[in-house]
Amino acid sequence: MDLKRTEYRVACLCCGHEMGDEGYPLGCPECGKPGLIRADYAKKQIEFGPADMGLYRFADWLPVKRALVGSGAPVTYKSEGFAAELGLTDLWITFNGWWPEKGAHMKTGAFKECEAYSVCGRMGEDFTDTLVVASAGNTARAFARVCSDNNIPLVLCVPEENIDALWFDTKLNDCVKLYCTPSGTDYFDAISLSNQICSLEGFSPEGGAKNIARRDGMATTVLSAAEAMGAIPEYYFQAVGSGTGAIAAWEAVKRLQKDGRFGSNGMKLMVSQNKPFTLIYDSWKAGSRDLVALDDDEARKQAEAVIGKVLTNRKPPYSLTGGLFDALTDTKGDVLAVTNEEASQAGELFKESEGNDISPAAAVAVASLIQAVEEGSVPKDGRIMLNITGGGMERFMNEHNMHFLQPVHIFGKNPSDDEVKKVILG
Ligand SMILES: [Zn+2]
């Protein structure tokens, strides 16, 4: 697919230093402070491309050099069934996942695809390293799909217990290699392994929230909503683990305000977590820019107890400049928390009233909207965007034959750098 290279500069949110995107920076080389860098696009009014461009229909505001094959884009429609259940008159659903009748074609079922197609599109032909991604599952599945379809070398680090999340409708290309940490380990052990691999020559980290392509890829959810609604939403509901999607949503609104055609209102971030894992909720309610202290063992237990497993990030980009604390503060937002039972019921209600299955994390967001309506913290006629971050997975798996990615190697606990080097370089 042809894509005119997007024009943009990158700026540090701490010191204002401006730079080009050569070398794909993840931070500011000038001040070195813990803050995000942000893309500043030359085009201030976005032109939406045709649907067959997939995610790249938003390329005016994506830091990409090339368009990769196989992407889907978020789609936004006005809710009737679920809105009626809640008595809401202006509820819009942004759907990320598999729902062909609505124009939603994400084959890995979640909005991690928005990140993956944007991150890999940012890297041009000059990027010759192997990309390294650590994930508890969803992110790995999205990157594996993109890299396999586009022949991009990829190393995935995933805990062994999570590899059932690596399902695909085709067998993957050999350029995707899976390495596991052993059973009894979690996402943070996978990160630690990925750091060891990235210290080797020729391997580069994807960068997480610090990667402008990752955030601007997720920001397309809000661009899709503004396009469909003809306006910036007043309220934004999403369940969060790292909160990167919510930071991205806030950044999208800043660009839409400057665009001028979608109104100038702010958008209140209403983000949610799954009890008992409530690190972001607790920190926000304590009025604290610093995350509240969290005991590792206690956190692991809490993470095991929730159905929204992807919402259990222990080191979210919350405190740093331009992070989630700043986003919530600037939008006068709030954090909600719901139980497993509330989320399950909300997921069922969504399926009955809208007609598709949604992921447990998306169900947490739906439950938080129900809670906010019951408490009266959103008006019934409020212009609301509900970000369904994953859906249609059950349906996709039923409609397709599944192939599971198998690990090349399963490491023991805490492998030495030498051992990692030997296994990876062979
Ligand atoms: Zn700086």
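Residues numbered from 1 in each chain as written. Predicted model: local features only at pLDDT ≥ 70, side-chain atom pairs only at ≥ 80, totals over all residues.

### Brief notes about the domain arrangement of the protein
Put simply, the test is: All the domain ranges listed were derived from an automatic or database domain assignment. C-beta atoms are first placed from the backbone for all residues, and any pair lying within 7 Å is then listed as a contact. Residue type decides the class: Asp, Glu, Lys and Arg count as charged, Ala, Val, Leu, Ile, Met, Phe, Trp, Tyr, Cys and Pro as nonpolar, and the leftover types, Gly among them, as polar.
The assigned domain composition of the protein is domain 1 (75–107 + 213–397) and domain 2 (130–201 + 401–426). Here the C-alpha centre of domain 2 lies 28 Å away from the C-alpha centre of domain 1. Each side of the interface is counted separately: domain 1 has 6 residues, and domain 2 has 8 residues. Its residues assigned to classes, the side of domain 1 that touches domain 2 shows 2 nonpolar, no polar and 4 charged.

### Re unusual backbone geometry
Selection rule: In this text, helices come from DSSP runs of H or I with a minimum length of four residues, and strands from runs of E with a minimum of two, each type numbered from the N-terminal end. Neighbour density around each residue's C-beta defines its exposure: 20 or more other C-beta atoms within 10 Å make it buried, 12 or fewer make it exposed, and counts between make it partly exposed, where C-beta atoms are placed from the backbone.
The peptide bond linking Lys 275 to Pro 276 adopts the cis configuration, its omega dihedral lying at 5°. Note on placement: Pro 276 falls in the loop between β14 (268–274) and α8 (279–285). A positive phi angle, near 55°, is found at Asn 151, a position not held by glycine. Here Asn 151 is to be found in the loop between α3 (138–150) and β9 (154–159). You can call Asn 151 exposed: it has 11 C-beta atoms within 10 Å.

### Some words on the nonpolar core
Defined as follows: Each nonpolar core reported here comprises buried Ala, Val, Leu, Ile, Met, Phe, Trp, Tyr and Cys residues connected via C-beta atoms within 7 Å.
Counting 133 residues, the largest nonpolar core has Phe 143, Ala 144, Leu 156, Cys 157, Ala 249 and Leu 386 as the members making the most contacts within it. Broken down by element, this core gets its largest block of residues, 9 residues, from helix α12 (residues 360–375). Apart from residues no more than four positions distant in its own chain, Ala 144 is found in contact with Leu 154, Leu 156, Leu 166, Leu 172, Val 176 and Leu 405.

### Focus on the environment of Asp 297
On the secondary structure map, Asp 297 appears in helix α9 (residues 296–305). Residue classification places Asp 297 among the exposed residues on the basis of 7 C-beta atoms within 10 Å. Taking C-alpha positions, Asp 297 is 35 Å from Val 373, a pair spaced 76 residues apart along the chain.

### A look at α3
What counts here: Here the expected span of a helix is defined as 1.5 Å times the quantity of residues minus one.
The end-to-end C-alpha separation of α3 is 19 Å, in line with the 18 Å expected for 13 residues at 1.5 Å each. When you tally the buried positions in α3, you get 11 out of 13 residues, the bulk of the element. Buried within α3 we find Asn 138, Thr 139, Ala 140, Arg 141, Ala 142, Phe 143, Ala 144, Arg 145, Val 146, Cys 147 and Ser 148. The secondary structure elements touched by the buried residues of α3 are α2 (112–122), β8 (130–134), β9, β10 (167–168) and β11 (176–181). Of the residues one or two after α3, Asn 151 is the one with positive phi, at around 55°.

### Here's the deal with the packing of helix α6 (residues 220–229) against helix α7 (residues 244–259)
Note the threshold: Lines fitted to C-alpha atoms define the axes here, with helix axes fitted over just the stretch in contact, and angles between the N-to-C directions of these axes take values from 0 to 180 degrees. Every angle not falling under 35 degrees, over 145, or within 65 to 115 is termed oblique; those three ranges are roughly parallel, roughly antiparallel and roughly perpendicular. Two helices cross in a left-handed way if the nearer one is turned anticlockwise from the farther one by less than a right angle. They cross in a right-handed way if the turn is clockwise.
Interaxial distance between α6 and α7 falls to 8 Å at its minimum, and their mutual angle equals 45°. As summarised for this structure, α6 and α7 are arranged oblique, according to the angle between their axes. The element α6 and its partner α7 pack so that their crossing is right-handed. Note on element contacts: α7 touches α6 through Ala 249, Ala 252, Val 253 and Leu 256, opposite Thr 221, Val 222, Leu 223 and Ala 226. Classifying every residue of the contact of α6 with α7 gives 7 nonpolar, 1 polar and no charged.

### Some words on the sheet that holds strand β1 (residues 8–12)
Note the cut-off: Note on pairing: two strands pair once DSSP finds at least 2 bridges between them.
The antiparallel open sheet is built from 3 strands, whose spatial order is β2-β1-β3. Edge strands, defined here as strands with exactly one partner in the open sheet, are β2 (18–19) and β3 (37–41). Here β1 runs beside β3; their pairing, made up of 5 bridges, is antiparallel. Bridge assignment links Arg 9 to a residue of β3, and that residue is Asp 40.

### Concerning α12
Owing to its 3.6 residues per turn, the α-helix aligns residues three or four sequence positions apart on the same side. Its 16 residues place the ends of α12 23 Å apart at the C-alpha level, agreeing with the 22 Å of an ideal helix rising 1.5 Å per residue. Considered for burial, the residues of α12 that qualify are Ala 361, Ala 362, Ala 363, Val 364, Ala 365, Val 366, Ala 367, Ser 368, Leu 369 and Ala 372. The inward-facing, buried residues of α12 contact β13 (235–239), β14, β15 (334–338), α11 (340–354) and β16 (384–388). Of the residues trailing α12, Gly 376 is marked for its positive phi of about 75°.

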